[in-house]
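One-letter residues, chain by chain:
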Amino acid sequence: MFIVPQATPQTPQVSAPQINAPVITPRDPGSKPLRKKAQPKTQPTEGAEGEEGEEELESGGIPVDLILKIAKIVVLPMFLAVVLFFGLVAMGILEIGSGDDVVNDTPYNNDGVANSGNQIQDVMEAAEKGDIYINWVPAKNSATMEGFKVKINHVDWGEVRGRDEGGELVTSNGRPYMNVYLELSNRSDKTFDFKSWYGNQFTTEAGAIRTAQLSDDDKNMYYPLKFDDLADLKWWTPSKTFKPADEGTDAIVFDVPEDFDPSKVENLYLDLPGEAIGRSGSYRFKIPKSMIQGL
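To start, this report covers the structure provided alongside it. (Residues numbered from 1 in each chain as written. Predicted model: local features only at pLDDT ≥ 70, side-chain atom pairs only at ≥ 80, totals over all residues. Heavy atoms only, no water.)

1. Describing the sheet that holds strand 1 (residues 137-138)
Two pairing modes exist for strands in a sheet, parallel and antiparallel, and in both the strands are linked by backbone hydrogen bonds. Our working rule: Pairing between strands is defined by DSSP: at least two bridges between them are needed. A run of H or I in DSSP counts as a helix once it spans at least four residues, and a run of E counts as a strand once it spans at least two, with each numbered from the N terminus. In this description, contact between two residues means that some pair of their heavy atoms is separated by no more than 4.5 Å. Helix axes are fitted to C-alpha atoms over the stretch in contact, other axes to C-alpha atoms as well, and angles between N-to-C directions run from 0 to 180 degrees.
Taken in spatial order, the 5 strands make up an open sheet running 1-16-15-10-11, and their pairing is mixed. With partners counted over all chains shown, the strands left at the sheet margins are strand 1 and strand 11 (221-222), one partner each. Running over the sheet, helix 3 (residues 120-129) touches strand 10 (213-216), strand 11, strand 15 (267-273) and strand 16 (282-288) and is turned about 50° from strand 10.

2. Things to note about the packing of aromatic side chains
The geometry of an aromatic ring pair is captured by the separation of the ring centres together with the interplanar angle, meaning the angle of the planes. In plain terms, the rule: Pairing of aromatic rings covers Phe, Tyr and Trp, the last counted by its six-membered ring, and requires centre-to-centre distances within 6.5 Å; plane angles under 30 degrees mean stacked, over 60 mean edge-to-face, and any other angle means tilted. The buried label goes to any residue with under 20% of its type's maximum accessible area, the exposed label to any with over 50%, and the partly exposed label to all in between, with areas taken from a 1.4 Å probe on protein chains only. As a reminder, the over-ring test applies to NZ of lysine and CZ of arginine, requiring each to be within 6 Å of the ring centre and within 35 degrees of the ring normal.
By the definition in use, this model includes 12 aromatic pairs. Taking 5.9 Å as the distance between ring centres and 90° as the angle between the ring planes, the aromatic pair formed by Phe194 and Phe242 counts as edge-to-face. Separated by 48 residues along the polypeptide, Phe194 in strand 7 (residues 192-195) and Phe242 in strand 13 (residues 239-242) bring together distant segments of the chain. Exposure class is identical for Phe194 and Phe242. Each is buried. An aromatic cluster of at least three residues, connected via ring pairs, comprises Phe148, Phe192, Phe194, Trp197, Phe242 and Tyr283. Directly above the ring of Tyr181 sits Lys234, whose terminal nitrogen or CZ lies 4.6 Å from the centroid. Lying across the ring of Phe242, Lys240 places its NZ or CZ 4.7 Å from the centre.

3. Considerations on the sheet that holds strand 12 (residues 232-233)
One open sheet holds the 3 strands; their spatial order is 5-4-12, and the pairing between them is antiparallel. The open sheet terminates on both sides in strands that have one partner only, identified here as strand 5 (169-171) and strand 12.

4. Here's the deal with the pattern of salt bridges
Applied cut-off: Salt bridges, as used here, are contacts in which a Lys or Arg side-chain nitrogen is within 4 Å of a carboxyl oxygen on Asp or Glu.
Taken as a whole and assessed by the stated rule, the structure comprises 11 salt bridges. A salt bridge links Asp255 to Arg175; the shortest N-O distance between them is 3.3 Å. One end of the pair, Asp255, is in the loop between strand 14 (247-254) and strand 15; the other, Arg175, is in the loop between strand 5 and strand 6 (177-186), and 80 residues separate them in sequence. Across the pair Arg210 and Asp271 runs a salt bridge, and its minimum N-O distance is 3.3 Å. Separated by 61 residues along the polypeptide, Arg210 in strand 9 (residues 209-210) and Asp271 in strand 15 bring together distant segments of the chain.

5. Things to note about helix 3
Among all positions in helix 3, only Ile120, Gln121, Val123, Met124 and Ala126 are buried. On its buried face, helix 3 is in contact with strand 10, strand 11, strand 15 and strand 16. Two residues or fewer after helix 3 comes Gly130, characterised by a positive phi angle close to 85°.

6. Considerations on a nonpolar patch on the surface
For the record, the criterion: Only residues above 30% relative accessible area that lack a salt bridge enter a patch, with like-charged residues linked at up to 9 Å and the nonpolar side chains Val, Leu, Ile, Met, Phe, Trp and Tyr linked at up to 5 Å. Accessible areas in this description were obtained via Shrake-Rupley with a 1.4 Å probe; residue shielding takes into account the shown protein chains only.
On the surface, a cluster of nonpolar side chains totalling about 780 Å² of accessible area is made up of Ile62, Leu66, Ile67, Ile70, Ile73, Val74, Val75 and Met78. Tracing the sequence through the fold places Ile62 in the loop between helix 1 (49-59) and helix 2 (64-91).

7. Quick look at the pairing of strand 10
Side chains of strand 10 alternate between two faces, with Gln213 and Ser215 and Leu214 and Asp216 buried alike. Pairing analysis gives 4 bridges linking strand 10 to strand 15, with the strands arranged antiparallel. Each bridged residue has a counterpart across the sheet, and for Leu214 the counterpart in strand 15 is Leu270. Bridge count between strand 10 and strand 11: 2 bridges; the pairing is antiparallel. Following the sheet pairing, Ser215 is matched in strand 11 by Met221. What sits between strand 10 and strand 11 in their antiparallel hairpin is a turn of 4 residues, with Lys219 showing a positive phi close to 65°.

8. Focus: the environment of Val170
With respect to the helices and strands, the residue Val170 is situated in strand 5. Judged by its relative accessible area of 18%, Val170 falls in the buried class. C-alpha of Val170 to C-alpha of Leu230: the two residues are 60 residues apart in sequence and 7.4 Å apart in space. Residues in contact with Val170, not counting those within four places in the same chain, are Val160, Arg161, Gly162, Arg163, Asp164, Asp229 and Leu230.

Here's what the structure looks like:
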């Protein structure tokens with residue numbers, strides 16, 4: 001017969017082992033405790049300053065997420081603004097250093113003499129004396145009058161090339177002239193009826209006759225001319241109704257003496273009557289020698 005011994009005060013009872021007890025893995029001497037994965041920064045709590053400082057040192061300084069936030073908030077908007085600015089410049093909506101509106105700042109004559117209105121030499125002399133102020137717009141910029149913008153694309157010293165009535169190419173047979181090529185655009189909500197400056201005369205409200213005029217630093221004047229045997233000329237727009245946002249081009253040929261040497265010219269001065277768009281006043285440009293092609 002077997003007898004199961006009973007527990008007595010002298011015989012302590014052995015408890016069953018705990019199956020879910022955590023297991024502690026021993027580490028090599030000098031090893032550091034494992035760290036938890038870095039969490040997004042929150043407001044530091046009391047007693048946690050030591051751990052945050054240690055984490056920043058180990059990450060090498062400024063956290064990457066902070067750099068990305070700065071780039072998103074500051075750098076990206078600046079970049080987009082620069083792209084937009086140069087985009088508007090490229091489209092011609094915005095222009096760096098563009099000229100102001102041109103005003104009618106000189107009186108007209110009414111003596112019936114051809115081109116008597118606003119003689120460019122008189123204008124230049126009066127400006128030099130300080131009697132009037134002339135806004136000579138640098139040729140690299142544009143000038144506007146009531147929203148109608150004019151810009152010099154280039155100036156060419158050379159032959160005139162065009163086509164006759166039959167469409168055949170015609171040139172001035174080696175005889176050079178001063179050719180000015182213009183860009184036109186309507187940046188207003190108005191409509192303008194344009195008539196080319198090429199070879200045309202305009203009559204002011206006071207009855208004075210005006211044409212496009214060209215001069216140099218010595219106040220020599222060069223008159224525009226028109227070839228009867230040309231039915232078409234590069235860039236020439238005989239007439240056009242410019243509605244808002246419309247664009248176009250025009251060309252002017254100026255007659256100069258055969259011994260004219262453009263390399264000795266420092267600047268040319270161009271006066272374009274506003275009557276070409278039905279307005280008084282002038283578009284006035286200062287053209288440096290460096291802008292003249294064909295020298």
